[in-house]
Amino acid sequence: MKHIFGRMVGYTLFYCGIIFGIFILQFTKGQTFSVGFGAMTVTGREERKESGTAVPLLPLHIVSNGLDIYISEQNPVYAADTENKMIPLQVLAYQRQAANGLFAVECSDGVVLSFFSDGRGEVETLKIEASFPANITKVVLPWRITQNAGIERTDNRIFVRSGKRQYSFIGSFGFNTEEAAAQSDIPHLVLSKTQPAAYYKTYLPLEELDINTIPSMAQASAEAYTAALHTFAAAVINTESQALSAKKITEAGLIAYLAEMGQQGNFAEGLEKAPAQTLARVQRSYISNPFYGNIQGTHTGLAADDAKKRELYAALITAQNNELFEQEALIPFLADRGSQRLVDGLFQFIEKLDVKSLNARQAAGLLSIWLDCTHYYPNKKPLFEELLPLCEEKITESLLLIDEGLYISNDETYIDTVAGFASAQILLRYGSVQSAVWESVGRMLITSLLRYAGDAAGLPAGFNVTGSKTTQLGLIADDSSVLDAGALYPLVMPHNSWYPHAQSLALQAEPGIWAWTCAQKFEVLENTAKTLLLRIRFQEGQSHYLTLHGIRPFYRIELYGIPFRSDARFEMYKSSGYAYNANSKILYLKMRHKSEYETIRLSFGTSPQQKNGQQPQPAVSSTDSDTVSSSVSGSASPQTESSASPQAAAVLPVQDSS
């Protein structure tokens, strides 16, 4: 019995020794490394093959300020495919770039995880970014806190306490415990194609916002901005499609729908689903006439709106009212549709301006005026040298960081949605020529507001701010007024040229020449005393309507390289045509694009035939232009010249088919 007991003890010790030996071998296999990148320390192991290739071994620790990204065999990185199936990833290789503060982990299925460490002042940031192949939609990384750190909850937020500081994931999605996290007792960080980067950084609740830290915030990234615009655009299409089906669409919603369909390359489909008959003729104004025509009949609305703007701008300039700087596209408007007196008055106002009296929206507006002056009135640039830093300071003071979103407020109590988008668009332009930080600010202002747009692509007119900067700020929607998709679209997508807009040609031709159009591109190829040659881009096979303003009388107009004559019914035909009013110097055009780019050539002065006493031959009309253009080659001589006199151009508004 004693011998049996001895053998049992011996075997137990023997097998324990074997298990312990395997354990030691497992964790001593390969070579251990530990490298530092600022506040980030990476610890792991690699095995060198005879070929010299380094093979990564697990576990891997990426530690920064109490956070430990801990990848092991038991807690791997997971990826979700297009069917949302979770796949454990294998670690294939490590990359170190000390100069860039970068450590990268190459995984199976083409996934690459990159870790960047950055320190700016008192703020230390760890950026975790995933690179995705086409078949992967998101990745899930395990993390835990280090032994000397702890989890805290302050102001309804979760933080990691490490030393004397608090740290947090921007957006707080790092504390997500969904899906693959259910297989583990530790939390997971979720990165997706729409949000491929996470930021773990120092939290300084009592400090003023440092705009230099904004580029490191998730919502300020170009990826987050692009994703937010795509989501909003999809919501606009869906919302307005439903309104079309229910026959409850508005004119603003209709042109937002057509503009976005055009932007996505589906203009023909959009026009088929929303023809001119979608809205009654009396419900359509000059805003939609680039798509549907009746440009002469609706032009009075555009002229009336321009007159109101001139009257308003004149009053604000005379009174030296700061509200002047809240007006959109002030410089192009004054250059083309204002007067020299108003332009001079504007600059006299700016010379005496006290920037400290401006609110944030007005400060952004002054930046917009400077941006336009660099092109329209470059000699006025010195006027702004001392004003720009003061505008930047005013805008910086007005920024609020609330629930990981960035907003701009004039009084820290209310956030105006329209003013927020307008300021953001200006800062995007300003940042492209000044500090790129302002581009990040502009992007984040937009993405932060669009978080609340939802499936209906609508937003409240504003938000009330609750709390204080020293504790926690919150938002309550002001739902007394709601901006629907039609109202929001031009604020969010102002650079979509499919949306009807005023196109100034002052810089390409001369002040006073401008177009109301939905063309994608407007170019002046030649502008002399005798010739104005324009090239216009639009979808091949489709028609659009435009009005050209500031056009002096001409004796010949050529479309497709062929002389055309005026026709009061030009909008009714399935071809290009025009009418001209010499008294108002407005050229009304219908352009049917046989190719993506079409040209318009205007000839000024006296026709050669009239000089020689010859009898002009009939020009091509809209009715026979298709036939003639197909039979006349590019080298053919002009058909004829017909003078565009006030009498010949006095045509009545046409009746369209709707």
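Residues numbered from 1 in each chain as written. Predicted model: local features only at pLDDT ≥ 70, side-chain atom pairs only at ≥ 80, totals over all residues. Heavy atoms only, no water.

Colleague: Would you mind going over the environment of Pro196 with me for this structure?
Modeller: Looking at the secondary structure, you find Pro196 in the loop between strand S15 (188–192) and strand S16 (197–203). Spatially, the C-alpha atoms of Pro196 and Phe132 are 8.4 Å apart, while their sequence positions differ by 64 residues. Once you skip the residues sitting within four places of it in the chain, Pro196 turns out to touch Ile128, Glu129, Ala130, Phe132, Leu191 and Glu223. (Helix = DSSP H or I, 4+ residues; strand = E, 2+ residues; numbered from the N terminus. Contact = heavy atoms within 4.5 Å.)

Colleague: How should the sheet that holds strand S26 (residues 543–549) be read in this particular structure?
Modeller: Strand pairing in a sheet relies on backbone hydrogen bonds, with the paired strands running either antiparallel or parallel. If you trace the five strands from one edge of the open sheet to the other, you get S22-S23-S26-S30-S29, paired in antiparallel fashion. Only two strands of the sheet have a single neighbouring strand rather than two, namely strand S22 (501–504) and strand S29 (577–581). Each strand of the sheet is rotated relative to its neighbour by a mean of 20°, with strand direction disregarded. Summarising the sheet, S29 and strand S30 (residues 586–592) pair through five bridges and their orientation is antiparallel. Paired with Ala579 across the two strands is Tyr588, which belongs to S30. (Pairing = 2+ DSSP bridges. Axes fitted to C-alpha atoms, helices over the stretch in contact; angles between N-to-C directions.)

Colleague: Could you clarify how one ought to interpret the environment of Ile317 in this entry?
Modeller: Along the chain, Ile317 turns up in helix H6 (residues 295–319). On the basis of relative accessibility, which here comes to 9%, the residue Ile317 falls in the buried class. Each C-alpha atom, one on Ile317 and one on Val343, is 9.3 Å from the other, the two residues being 26 residues apart in sequence. Beyond its immediate stretch of four places on either side in the chain, Ile317 contacts Leu324, Leu342, Gly345 and Leu346. (Buried < 20%, exposed > 50% of the residue type's maximum accessible area, 1.4 Å probe, protein only.)

Colleague: Explain the pattern of salt bridges here, please?
Modeller: Pairing is possible between side chains that carry opposite charge, provided their charged atoms lie close to one another. Summed over all chains, the structure comprises 13 salt bridges. The residue Glu269 makes a salt bridge to Lys273 at a minimum N-O spacing of 2.9 Å. Here Glu269 pairs with Lys273, and both are found in helix H4 (residues 267–273), just four residues apart, close to one helical turn. Across the pair Asp372 and Arg429 runs a salt bridge whose closest N-O atoms are separated by 3.0 Å. (Salt bridge = Lys/Arg side-chain N within 4 Å of Asp/Glu carboxyl O.)

Colleague: Help me understand the pairing of strand S18 (residues 405–408) in this model?
Modeller: Alternating positions in S18 separate into two faces, Gly405 and Tyr407 on one and Leu406 and Ile408 on the other, with burial throughout. Relative to S18, strand S17 (residues 399–402) is paired through four bridges, and the arrangement is antiparallel. Opposite Leu399, over in S18, you have Ile408 as the bridge partner. Hairpin connection of S17 to S18: two residues between the antiparallel strands, including Asp403 at a positive phi of 50°.

Colleague: Would you explain helix H9 (residues 360–376) in this entry?
Modeller: Three or four residues apart is the spacing at which side chains of an α-helix point the same way, because the helix has 3.6 residues per turn. In this model, H9 (17 residues) spans 24 Å end to end at C-alpha, consistent with the 24 Å of a helix rising 1.5 Å per residue. Burial analysis of H9 places 15 of its 17 residues in the buried class, which makes it a mostly covered element. One side-chain oxygen of the residue at the start of H9 lies 3.1 Å from the amide nitrogen of Arg361, identifying that residue as Asn359. (Expected span 1.5 Å × (residues − 1). Polar contact = N/O pair within 3.5 Å; in protein donor to acceptor, adjacent residues only side chain to side chain.)

Colleague: What is the right way to look at unusual backbone geometry in this model?
Modeller: Trans peptide bonds make up the majority, and among non-glycine residues the majority have a negative phi. At the junction of Leu58 and Pro59, the peptide bond is cis and its omega measures out at 10° in the coordinates. Here Pro59 shows up in strand S3 (residues 54–64). One non-glycine residue, Asp109, lies in positive phi territory at about 65°. In this fold, Asp109 is placed in the loop between strand S8 (102–107) and strand S9 (112–120). The exposure class of Asp109 is partly exposed, given its relative accessible area of 36%.

Colleague: Looking at this model, I keep getting lost on the packing of aromatic side chains. Mind explaining?
Modeller: Each aromatic ring pair is characterised by the separation of its centres together with the angle its planes make. Using the criterion set out here, one finds 21 aromatic pairs in the structure. Measuring from ring centre to ring centre gives 5.8 Å for Phe33 and Tyr94, while their planes differ by 65°; the resulting arrangement is edge-to-face. Note that Phe33 is positioned in strand S1 (residues 31–37) and Tyr94 in strand S7 (residues 91–97), a separation of 61 residues in sequence. By relative accessible area, Phe33 is classed as buried at 10%. Seen from their ring centres, Tyr489 and Tyr499 are 6.0 Å apart, and the 25° between their planes marks the pair as stacked. Remark: Tyr499 occurs in the loop between helix H13 (485–492) and S22 and Tyr489 occurs in helix H13; sequence separation between them is ten residues. Taking relative accessible area as the criterion, Tyr489 reaches 0% and is therefore assigned buried. Take Tyr499: its relative accessible area is 14%, and that puts it in the buried class. Across from the ring centre of Tyr597, 5.5 Å away, lies the NZ or CZ of Arg535, which sits over that ring. Sitting over the ring of Tyr560, Lys594 keeps its end group 4.3 Å from the ring centre. (Phe/Tyr/Trp six-rings, centres within 6.5 Å; stacked < 30°, edge-to-face > 60°. Lys NZ or Arg CZ within 6 Å of the ring centre and 35° of its normal.)

Colleague: Which parts of the structure should I look at to understand the pairing of strand S25 (residues 531–537)?
Modeller: Looking along a regular strand, one sees the side chains alternate between the two faces of the sheet. Burial runs high along S25: five of the seven residues are buried. Across six bridges, strand S24 (residues 521–527) lies against S25 in antiparallel orientation. Bridge pairing in S25 links Lys521 to Arg537. Once S24 ends, the chain turns through three residues before running back antiparallel as S25. Pairing analysis gives seven bridges linking S25 to strand S31 (residues 597–604), with the strands arranged antiparallel. Counted as the bridge partner of Arg535 is Thr599 from S31.

Colleague: Would you mind going over helix H8 (residues 340–351) with me for this structure?
Modeller: End to end, H8 covers 17 Å across twelve residues, agreeing with the expected 16 Å (1.5 Å per residue, within 8%). Here H8 has its buried residues at Leu342, Val343, Gly345, Leu346, Phe347, Phe349 and Ile350. Elements in contact with the buried residues of H8: H6, helix H7 (330–337), H9 and helix H10 (387–397).

Colleague: Would you mind going over the packing of helix H2 (residues 222–245) against H13 with me for this structure?
Modeller: Geometry of a packed helix pair, given as the angle between the helix axes and the separation of the axes. Running from amino to carboxyl end, H2 crosses H13 at an angle of 150°, the nearest separation of the two axes being 11 Å. Taken together, the axes of H2 and H13 are roughly antiparallel relative to one another. The interaxial crossing formed by H2 with H13 has left-handed handedness. Residue-level inspection shows Leu229, Phe232, Val236 and Glu240 of H2 in contact with H13, the latter providing Ala485, Gly486, Leu488, Tyr489 and Val492. (Parallel < 35°, antiparallel > 145°, perpendicular 65-115°, else oblique. Left-handed = near helix turned anticlockwise from the far one by under 90°.)

Colleague: I keep staring at the packing of helix H11 (residues 417–433) against H13 and nothing clicks. Help me out?
Modeller: As a packed pair, H11 and H13 sit with axes 9 Å apart at the nearest point and diverge in direction by 25°. One element, H11, and the other, H13, form an angle in the roughly parallel class. Contacts from Thr417, Val418, Phe421 and Gln425 in H11 reach Leu488, Leu491 and Val492 in H13. Split into classes, the residues belonging to the contact of H11 with H13 amount to five nonpolar, two polar and no charged. (Nonpolar A, V, L, I, M, F, W, Y, C, P; charged D, E, K, R; others polar.)

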